[in-house]
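Structural overview for review
Spelled out, the chains give:
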Amino acid sequence: MNEDKGEGVAIANLIGTDGCSVVGWVYRWRTGSHAVMWDVQGPQPVSETRPDISDEQKQEIDFDALTRIGRSDDG
C-alpha cells in the first residue's frame, strides 16, 4: 500500500502465540489512525508486535483484546 496515495502502511507484524507466525499486521493510515489487518485465517490470538509499537498505538488497536482472542472469560 502507498501512504502517499491515501492508503495504509504496515508498521508492524502481529505475532501469534507460537512466537514466530505472522497472523496479521498493524497499519497506519494517512489520517494517523491505526488498524489491524488479519491474514487469510482471520483473527487469532497475538503474543506481540514486531517491531514493538508504542503504548498509545497498542491502546488504539486494543492490543490487550488481541491477546485474548478465542479465550474464555470464565477460565
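Structural notes, computed from the coordinates. All of these numbers come straight from a predicted model, not from anything done at the bench. (Residues numbered from 1 in each chain as written. Predicted model: local features only at pLDDT ≥ 70, side-chain atom pairs only at ≥ 80, totals over all residues. Heavy atoms only, no water.)

Our next topic: the overall build of the chain. A tally of helices and strands in the chain yields two helices and four strands. Sequence-ordered secondary structure for the chain, helices as α and strands as β, is β-β-β-β-α-α. Within the chain, buried positions represent 28% of all 75 residues. Across the chain, contacts joining residues at least 24 apart in sequence account for 41% of those joining residues at least 6 apart. Summed over all atoms, the accessible surface of the chain reaches about 4900 Å², with 45% contributed by carbon and sulfur. (Helix = DSSP H or I, 4+ residues; strand = E, 2+ residues; numbered from the N terminus. Buried < 20%, exposed > 50% of the residue type's maximum accessible area, 1.4 Å probe, protein only. Contact = heavy atoms within 4.5 Å. Areas by Shrake-Rupley, 256 points an atom, 1.4 Å probe, with all protein chains shown as cover.)

Using the criterion set out here, one finds one aromatic pair in the structure. For the ring pair Tyr27 and Trp29, a centre distance of 6.0 Å and an interplane angle of 20 degrees mean the geometry is stacked. Since its relative accessible area comes to 12%, Tyr27 is described here as buried. Taking the ring centre of Phe63 as reference, the NZ or CZ of Lys58 above it sits at 5.4 Å. (Phe/Tyr/Trp six-rings, centres within 6.5 Å; stacked < 30°, edge-to-face > 60°. Lys NZ or Arg CZ within 6 Å of the ring centre and 35° of its normal.)

With that out of the way, let us pick up the nonpolar core. Soluble, globular proteins show a tendency: their nonpolar side chains are buried together. Within the largest apolar cluster, nine residues are counted, these being Ala12, Leu14, Val23, Val26, Val46, Ile53, Ile61, Phe63 and Leu66. Of all the elements in the fold, those that place two or more residues in this core are strand E1 (9-16), strand E2 (22-28) and helix H2 (63-67). Those residues in contact with Ile53, other than ones at most four positions away along the chain, are Ile11, Ala12, Val26, Lys58 and Ile61. (Core = buried A, V, L, I, M, F, W, Y, C linked by side-chain atoms within 4.5 Å.)

Counting through the fold element by element, Gln44 comes out in the loop between strand E3 (34-38) and strand E4 (46-50). In terms of polar contacts, Gln44 uses its side chain to reach the side chain of Asp39, at 3.3 Å. Side-chain polar atoms of Gln44 contact the side chain of Gln41, separated by 3.4 Å. Excluding its chain neighbours within four sequence positions, the residues that come into contact with Gln44 are Val23, Trp38, Asp39, Leu66 and Ile69. (Polar contact = N/O pair within 3.5 Å; in protein donor to acceptor, adjacent residues only side chain to side chain.)

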